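Structural characterization, general
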Amino acid sequence: MANAPEVYVNGRYLPAGEAHVSFFDWGFQFGDGVYEVISSWQGMMFRLDDHLDRLDASMHAARLDPGLDRAQWRDAVVEVTRRSGLRDAGTRIIVSRGAQPPGTSDLRACRPNVFIAASPYLFLGTEEQRVKGIRLMVAHQRGMPADTLDPRYKHISRLQYNLARIEAAEAGYDDVGWLSHDGSVQEAPRSNLFAVRAGVLQTPAAGILHGITRMPFCELAYELGIPVEVRPLTAFDLFVADEVFTCSTSGAALPVREVSGRSVRAAVPGPITRRLQDAYWRIRAEGRHGTPVGPD
Ligand code: PLP
């Protein structure tokens, strides 16, 4: 049974109802901040240090320094999750720019706010979608180029992604992926993209968030003897793939059965998707790359 949710706010553990953010926080006002979502399964948090490495990179690049060292981050994330009593959880960290002190317009004077909360693990797709696959649309709008906002920032400004999601939902699709200005496949709003063609696993090389789940899928493919190509892909590669799947902390591998009106060739989930998915849940169940989060 989960306990009443508690949220970590700048070093304090507060009941969820008492965790507030200032109206003047730049994260709230302008989507200026970065975040992480870390999953726990059967009481084991997956790849905590990889998430904290990515958070550290996002914060450093975004000039956000809330002043916590690695041990403090680890303690706070594990403690919030442990206090939730959830064995299957999604623990969200948000670091926002904070509010400017009165009398200055210098953004560097803002003190970042840190929020951490654990919620029940929520699968990205429904059970039916995990079995039958999803319909993925290629968005008309292009992804953000690295010289504008590098997709490696895991940032909280989601307007662009949310507009693509709404566009896809209105067109009757389950999810959406987008291309860069030069036509390379980038990613989906909450997932990285994979294709399989003639037994080879393919995933875009650049213009993407470096997904923490993408990593073990590539590693597991190597372990299973499945060749992996990390290279630029175009929409054509998705259209002609034997298998396509999205991959994320919340969705693991979610098979795709159609890409913008083109049926994916193999029945879903395709054989390689299934092998990788099974291997992924096996390492999760074994607690590989895991940090125990209780409850005690
Ligand atoms: N790409 C984007 C834009 C995302 O927002 C996410 C997750 O939220 C991912 C990819 C997948 O990353 P991860 O495997 O770390 O969940």
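Residues numbered from 1 in each chain as written. Predicted model: local features only at pLDDT ≥ 70, side-chain atom pairs only at ≥ 80, totals over all residues. Heavy atoms only, no water.

Let us look at unusual backbone geometry. Negative phi is the rule for most residues except glycine; trans is the rule for most peptide bonds. With an omega of -15°, the peptide bond between Val 268 and Pro 269 qualifies as cis. In this structure, Ala 252 is a non-glycine residue whose phi angle is positive, near 50°. Residue classification places Ala 252 among the buried residues on the basis of a relative accessible area of 2%. (Buried < 20%, exposed > 50% of the residue type's maximum accessible area, 1.4 Å probe, protein only.)

A few words now on the sheet that holds strand 6 (residues 113-120). Adjacent strands of a sheet form backbone hydrogen bonds with each other and so pair up, either parallel or antiparallel. With respect to topology, seven strands assemble into an open sheet ordered 2-1-6-5-3-4-15, the strand pairing being antiparallel. Only two strands of the sheet have a single partner each, and these edge strands are strand 2 (12-15) and strand 15 (290-292). Looking at each pair of strands side by side, their axes are set apart by 30° on average, direction ignored. Direction of pairing for strand 3 (residues 33-41) relative to strand 4 (residues 44-46): antiparallel, over a ladder of two bridges. Within strand 4, the residue paired with Trp 41 across the bridge is Met 44. (Pairing = 2+ DSSP bridges. Helix = DSSP H or I, 4+ residues; strand = E, 2+ residues; numbered from the N terminus. Axes fitted to C-alpha atoms, helices over the stretch in contact; angles between N-to-C directions.)

Moving on, we come to the pairing of strand 3. Within strand 3, nine of the nine residues are buried, which leaves the element mostly enclosed by the surrounding structure. Sheet analysis places strand 3 next to strand 5 (residues 89-96), joined by eight bridges and oriented antiparallel. From the neighbouring strand, Gly 33 faces strand 5, where its bridge partner is Ser 96.

What follows is about the pattern of salt bridges. According to the stated counting rule, one finds 19 salt bridges in the structure shown. Here Arg 288 makes a salt bridge to Glu 286, at a shortest N to O gap of 4.0 Å. Using a relative accessible area of 53% as the deciding quantity, one classes Glu 286 as exposed. Overlapping salt bridges, with partners in common, bring together Glu 6, Glu 79, Arg 82 and Arg 83 in one network. (Salt bridge = Lys/Arg side-chain N within 4 Å of Asp/Glu carboxyl O.)

Contacts to the ligand come from 18 residues, most closely from Lys 154, Arg 158, Glu 187, Thr 213 and Thr 249. In the environment of the ligand, an oxygen atom lies 2.8 Å from a nitrogen or oxygen atom belonging to the side chain of Lys 154. Within the contact set of the ligand, a nitrogen atom lies 2.8 Å away from a side-chain nitrogen or oxygen of Glu 187. In isolation the ligand exposes 390 Å². Once the protein is present, 94% of that is buried. For the shell around the ligand, the per-class residue count stands at seven nonpolar, six polar and five charged. (Near = heavy atom within 4 Å. Polar contact = N/O pair within 3.5 Å; in protein donor to acceptor, adjacent residues only side chain to side chain. Areas by Shrake-Rupley, 256 points an atom, 1.4 Å probe, with all protein chains shown as cover. Nonpolar A, V, L, I, M, F, W, Y, C, P; charged D, E, K, R; others polar.)

At a closest axis distance of 10 Å, the pairing of helix 7 (residues 214-224) and helix 9 (residues 271-286) adopts a crossing angle of 110°. Taken together, helix 7 and helix 9 sit at an angle that is classed as roughly perpendicular. The segment helix 7 lies against helix 9, with Pro 216, Phe 217, Leu 220, Ala 221 and Leu 224 engaging Arg 275, Leu 276, Gln 277, Ala 279, Tyr 280 and Ile 283. Considered class by class, the residues forming the contact of helix 7 with helix 9 number nine nonpolar, one polar and one charged. (Parallel < 35°, antiparallel > 145°, perpendicular 65-115°, else oblique. Contact = heavy atoms within 4.5 Å.)

With that settled, consider the pairing of strand 6. In the sheet, strand 1 (residues 6-9) pairs with strand 6 via three bridges, with the strands oriented antiparallel. When the bridges of strand 6 are listed, Tyr 8 appears paired with Ile 116. Where strand 5 lies against strand 6, eight bridges are found, and the strand directions are antiparallel. Bridge pairing in strand 6 links Ser 96 to Asn 113.

For the rest of this paragraph, the subject is the side chain of Ser 248. By the secondary structure assignment, Ser 248 is in strand 12 (residues 243-248). When its relative accessible area of 5% is taken as the criterion, Ser 248 is described as buried. Only 2.8 Å separates the side chain of Ser 248 from the backbone nitrogen of Gly 251, close enough to count as a polar contact. Non-local contacts of Ser 248, meaning those with residues more than four positions away in its chain, are made with Leu 124, Arg 190, Ser 191 and Thr 213.

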